Amino acid sequence: MNSKNTFLFLIALFLSFGLIAQREEGNNKINNSLKPFYHGVASGDPTDSSVILWTRVTPDTINANPISVSWRIALDTGMTAIVASGNIFTDLMKDLTVKVDVSGLQANTCYYYDFSALGFNSIRGRTKTTPKGDTDSLRFAVVSCSNYEHGYFNAYRKITQRNDVDAIIHLGDYIYEYEAGGYSASINGRSNDPVNEIISLTDYRLRYSHYRLDEDLMRLHQQYPFITIWDDHESANDSYIDGAGNHDVGTEGSWYARKSNAKKAYFEWMPVREKGGADSSIYRKFSYGDLFNLYMLDTRLEGRVEQVGATSPLLNDPSRTLLGATQYNWLVNELTSSTAKWNVLGQQVMIAPLKIAGIPVNTDQWDGYPIERNNLLNAVMLNNVDNLVVLTGDIHTSWANDIPLGNYNPSTGANSAGVEFVVTSITSEGFPFSVGTSIIQSSNSHMKWIDLTKHGYLILDVNKQRVQGDWYFVNDVTTITDNETLGNAFYTNDGERFLRQASLPSQGNGLMCVQAPLSPVVFAVGLIENKQDELTFFGSYPNPAFDEITLQFSLESTYAKVELRIVDIFGKEVYYLSNNNFKSGVNYMKLDISSLAKGTYIVVLQTEKSVKTCLLYTSDAADE
């Protein structure tokens with residue numbers, strides 16, 4: 001083919017395949033020393049003898065072959081006192097993620113772990129098992145609502161620097177589903193990828209990958225075990241069992257397919273223990289010795305029926321449920337049989353009533369399901385359930401609440417069923433209340449303190465005498481900063497069931513064990529050098545593909561020239577594109593491949609210094 005024909009052929013291919021979209025600003029700058037474990041490591045769901053370990057492998061050449069990954073866990077940062085090790089395989093069906101449930105561990109013990117694959121070690125992570133039996137005190141960081149487009153995860157970095165908590169409790173909205181600019185503070189360099197609202201399995205996987213490349217989130221996962229639950233934005237805004245406020249069946253397809261995609265990606269990318277299958281339930285209990293039980297509740301996808309308006313005649317229908325019958329019965333049985341000093345609910349939406357002039361402000365909260373709330377609180381009181389503490393996220397603001405029953409006395413706290421600590425957002429903008437805090441409190445005397453604007457986290461300090469919550473606020477989320485202030489502190493004493501304001505923040509028992517090192521263990525000289533690489537190819541999504549693919553890759557240098565080729569199994573080039581308009585960091589390209597024949601191809605990404613490949617499988621229909 002002569003040069004003129006070649007040019008016309010490539011133009012025709014460009015028009016037929018089409019570059020749908022590309023990200024020009026590199027949002028996350030990856031650390032090449034972490035190769036091929038660019039997303040770091042994580043741990044979660046600790047028990048007194050086990051913990052989940054997690055990582056993701058990104059090979060230079062991505063294909064359908066399984067990748068062998070070794071893991072080990074030790075008592076020291078140098079990884080010399082190994083207590084367990086093993087081998088596991090991952091592949092594209094798992095989005096190259098790895099999860100190991102390590103058992104046989106000692107209670108209340110710090111461990112260090114890492115992975116190895118393709119001749120490299122991951123960074124080492126630190127985790128900690130739960131205590132067993134008599135337990136004096138514990139300390140947690142409680143977080144929620146981390147929207148990438150609303151700012152930097154400064155609160156995550158501050159928690160990492162504290163080094164004084166046993167675990168991270170994440171109450172949901174770990175990611176957000178909106179398109180780029182859809183729910184955003186328009187901060188340069190903090191844009192969602194993929195750029196569209198996430199609906200397909202590919203979309204959800206890419207969004208998790210994008211979030212998990214954030215340095216502050218990666219380092220927080222490295223140093224602490226996470227206990228997580230989803231809220232609505234891990235699927236779609238204002239979700240419930242049969243739909244969501246932000247889902248249009250007519251334009252976005254089946255809700256059940258979207259929900260399944262969201263769950264599958266969540267279980268792949270989060271260090272959670274699965275009960276069985278991508279559609280399994282996620283509510284579960286964690287026991288921290290005899291000090292407290294933590295019940296992580298799903299108030300979104302498990303059983304919630306659709307929300308109704310504040311004046312709807314259906315509001316007080318006794319059949320309306322937030323938890324679903326199975327989860328509700330499980331929770332009541334667990335609470336009424338508990339022998340722990342404290343019983344803590346980790347959940348999403350505010351349980352304390354929030355009304356103005358007697359009308360619920362937000363029926364997406366427990367106010368929209370008042371009969372089930374009354375039934376739950378009555379069960380707590382009738383069965384003498386000790387010391388109910390509720391942890392709540394979702395609302396992007398901070399609240400210290402008693403949970404009132406009939407004849408509640410705000411002066412003494414009498415007839416309060418328990419207390420509620422509502423944690424603000426990591427970044428998501430404050431709830432747009434049209435009235436001030438004084439008006440809210442005048443109509444809701446059980447609300448002891450409210451902040452409607454600031455971002456940060458909660459430190460939950462638990463001992464045998466009291467539970468205290470300390471709200472810490474970062475000064476800004478639109479820039480990277482280490483500044484924070486104490487917002488307020490409240491506590492509840494053993495047996496009192498109501499809040500008191502604290503004069504000082506809790507102090508805990510000092511620092512946790514030594515943090516895991518920031519760099520991987522280096523192999524002996526003469527084996528494999530983990531050199532800097534100008535180009536990293538994270539993958540082609542989906543794979544197999546039908547009509548379009550999204551390429552996720554990272555560049556070390558700004559405006560590096562990138563050449564893209566698609567080659568068939570006979571070595572014939574069927575697509576070519578050259579572009580030098582990419583910035584350093586993570587970039588994305590979405591390509592229309594609807595005219596590509598069904599078969600197997602090789603996607604080649606190339607810069608002046610690096611070449612990376614990925615096998616692409618095309619099919620008659622999408623795989624999701």
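These remarks concern the structure in this document.

The rules we used
Residues numbered from 1 in each chain as written. Predicted model: local features only at pLDDT ≥ 70, side-chain atom pairs only at ≥ 80, totals over all residues. Heavy atoms only, no water. Helix = DSSP H or I, 4+ residues; strand = E, 2+ residues; numbered from the N terminus. Rg over C-alpha atoms; globule rule 2.2 N^0.38 Å. Buried < 20%, exposed > 50% of the residue type's maximum accessible area, 1.4 Å probe, protein only. Contact = heavy atoms within 4.5 Å. Areas by Shrake-Rupley, 256 points an atom, 1.4 Å probe, with all protein chains shown as cover. Axes fitted to C-alpha atoms, helices over the stretch in contact; angles between N-to-C directions. Parallel < 35°, antiparallel > 145°, perpendicular 65-115°, else oblique. Left-handed = near helix turned anticlockwise from the far one by under 90°. Nonpolar A, V, L, I, M, F, W, Y, C, P; charged D, E, K, R; others polar. Pairing = 2+ DSSP bridges. 1 Å grid on protein atoms, 1.4 Å probe; cavity = no way out; pocket = protein on both sides within 12 Å on 5 of 7 lines; lining within 4 Å. Points joined across faces, edges and corners; volume = space filled by probe spheres on them. Core = buried A, V, L, I, M, F, W, Y, C linked by side-chain atoms within 4.5 Å. Expected span 1.5 Å × (residues − 1). Polar contact = N/O pair within 3.5 Å; in protein donor to acceptor, adjacent residues only side chain to side chain. Phe/Tyr/Trp six-rings, centres within 6.5 Å; stacked < 30°, edge-to-face > 60°. Lys NZ or Arg CZ within 6 Å of the ring centre and 35° of its normal. Salt bridge = Lys/Arg side-chain N within 4 Å of Asp/Glu carboxyl O.

1. As for the overall build of the chain
On a plain count of helices and strands, the chain comes out with 9 helices and 35 strands. What you see for the chain is a C-alpha radius of gyration of 25 Å, in line with the 25 Å of a compact globule of 624 residues. Principal axes of the C-alpha set define a box for the chain whose edges measure 90 × 60 × 40 Å. Relative to its full complement of 624 residues, the chain shows a buried share of 60%. Summarising the internal contacts of the chain: among those between residues at least 6 apart in sequence, 72% fall at separations of at least 24. Element-wise, carbon and sulfur atoms account for 51% of the exposed surface of the chain, whose accessible area totals about 22,500 Å².

2. Points about the packing of helix H7 (residues 325-337) against helix H8 (residues 370-382)
Relative to each other, H7 and H8 sit at 20°, their axes nearing to 10 Å. In terms of axis orientation, H7 runs roughly parallel to H8. Where H7 crosses over H8, the handedness of that crossing is right-handed. Residues Tyr328, Leu331, Val332, Leu335 and Thr336 of H7 touch H8, and the partners they reach there are Glu372, Asn375, Leu376, Ala379 and Val380. Here the residues of the contact of H7 with H8 sort into 7 nonpolar, 2 polar and 1 charged.

3. Concerning the pairing of strand E29 (residues 535-541)
Where burial is concerned, most of E29 is hidden: 7 out of the 7 residues are buried. As paired elements, E29 and strand E30 (residues 548-555) share 6 bridges and run antiparallel to each other. Within E30, the residue paired with Gly539 across the bridge is Gln552. Following E29, the chain reverses through 6 residues before pairing antiparallel with E30.

4. Observations regarding empty space enclosed by the protein
Under the criterion given, the structure shown has 2 cavities of 30 Å³ or more. Considered as a void within the structure, the second largest cavity measures approximately 30 Å³ in volume. Lining the second largest cavity are Lys29, Ile30, Asn31, Leu34, Tyr38, Leu213, Glu215 and Met218. When the residues that make up the lining of the second largest cavity are grouped by side-chain class, the tally is 5 nonpolar, 1 polar and 2 charged.

5. Remarks on the nonpolar core
In terms of nonpolar packing, the biggest core is built from 78 residues, with Ile159, Ile168, Phe292, Leu391 and Phe421 touching the most fellow members. For this core, the element with the highest residue contribution is helix H6 (residues 255-269), accounting for 6 residues. Residues within four places of Phe292 in sequence aside, it is in contact with Leu138, Phe140, Phe286, Ser287, Ala340, Trp342, Val344 and Val462. Within the second largest apolar cluster, 48 residues are counted, among which are Ile62, Val98, Ile123 and Leu596.

6. Some details on the pairing of strand E34 (residues 599-606)
Both strand E31 (residues 562-568) and E34 contribute to a ladder of 6 bridges, which runs antiparallel. Looking across to E34, one finds that Asp568 is bridged to Tyr601. Inspection of the sheet shows E34 paired to strand E35 (residues 611-618) by 8 bridges, in the antiparallel sense. Paired with Leu605 across the bridge in E35 is Lys612. Turn length for the E34-E35 hairpin, with the two strands adjacent in sequence and antiparallel, is 4 residues.

7. Brief notes about H6
Between its first and last C-alpha, H6 extends 21 Å over 15 residues, near the 21 Å set by a 1.5 Å rise per residue. Burial analysis of H6 places 11 of its 15 residues in the buried class, which makes it a mostly covered element. Where H6 is concerned, the buried positions are Trp255, Arg258, Lys259, Asn261, Ala262, Lys263, Ala265, Tyr266, Phe267, Glu268 and Trp269. Looking at where H6 begins, the residue whose side-chain oxygen comes 3.2 Å from the main-chain nitrogen of Tyr256 is Ser254.

8. Quick look at the packing of aromatic side chains
In the structure shown here, the tally under the stated rule is 26 aromatic pairs. Arranged with centres 6.1 Å apart and planes meeting at 85°, the rings of Tyr266 and Phe267 form a pair that is edge-to-face. With respect to burial, Tyr266 and Phe267 carry one shared label: buried. Look at Phe553 and Phe582: their rings are 5.3 Å apart centre to centre, the planes differ by 80°, and that puts the pair in the edge-to-face class. Of the two residues, Phe553 is situated in strand E30 and Phe582 in the loop between strand E32 (573-579) and strand E33 (585-592); the sequence distance between them amounts to 29 residues. Owing to a relative accessible area of 0%, Phe582 belongs among the buried residues under this scheme. The structure contains a cluster of three or more aromatic residues connected by ring pairs, namely Tyr174, Tyr208, Trp230, Tyr266 and Phe267. Note that Arg126 overlies the ring of Tyr224, its terminal NZ or CZ placed 5.1 Å from the centroid. The lysine or arginine in question, Arg212, covers the ring of Trp54, its NZ or CZ lying 4.0 Å from the ring centre.

9. Points about the pattern of salt bridges
One pass over the structure, following the stated rule, counts 34 salt bridges. Arg273 is the salt-bridge partner of Asp101, the closest N and O atoms lying 2.8 Å from each other. Here Asp101 is found in strand E7 (residues 97-102), whereas its partner Arg273 is found in the loop between H6 and strand E16 (284-288), with 172 residues between them in sequence.

10. Focus: helix H3 (residues 201-212)
Over its 12 residues, H3 extends 17 Å from the first C-alpha to the last, a length consistent with the 16 Å expected when each residue adds 1.5 Å. Burial runs high along H3: 12 of the 12 residues are buried. All buried positions along H3 are accounted for by Leu201, Thr202, Asp203, Tyr204, Arg205, Leu206, Arg207, Tyr208, Ser209, His210, Tyr211 and Arg212.

11. Describing the sheet that holds strand E4 (residues 61-62)
Pairing is mixed in the open sheet, where 5 strands are placed in the order E4-E35-E34-E31-E32. Strand pairing shows two members of the sheet lacking a second neighbour, E4 and E32, which therefore form its edges. Sheet topology places E31 next to E32; 6 bridges connect them, and they run antiparallel. Across the sheet, the residue bridging to Leu564 is Leu577, located in E32.

12. Points about the side chain of Lys128
Position of Lys128 relative to the elements: it lies in strand E10 (residues 125-128). At a separation of 2.6 Å, a polar atom in the side chain of Lys128 contacts the side chain of Asp166. Among residues more than four places away in sequence, those in contact with Lys128 are Pro46, Asn108, Thr109, Cys110, Asp166, Pro225 and Met512.

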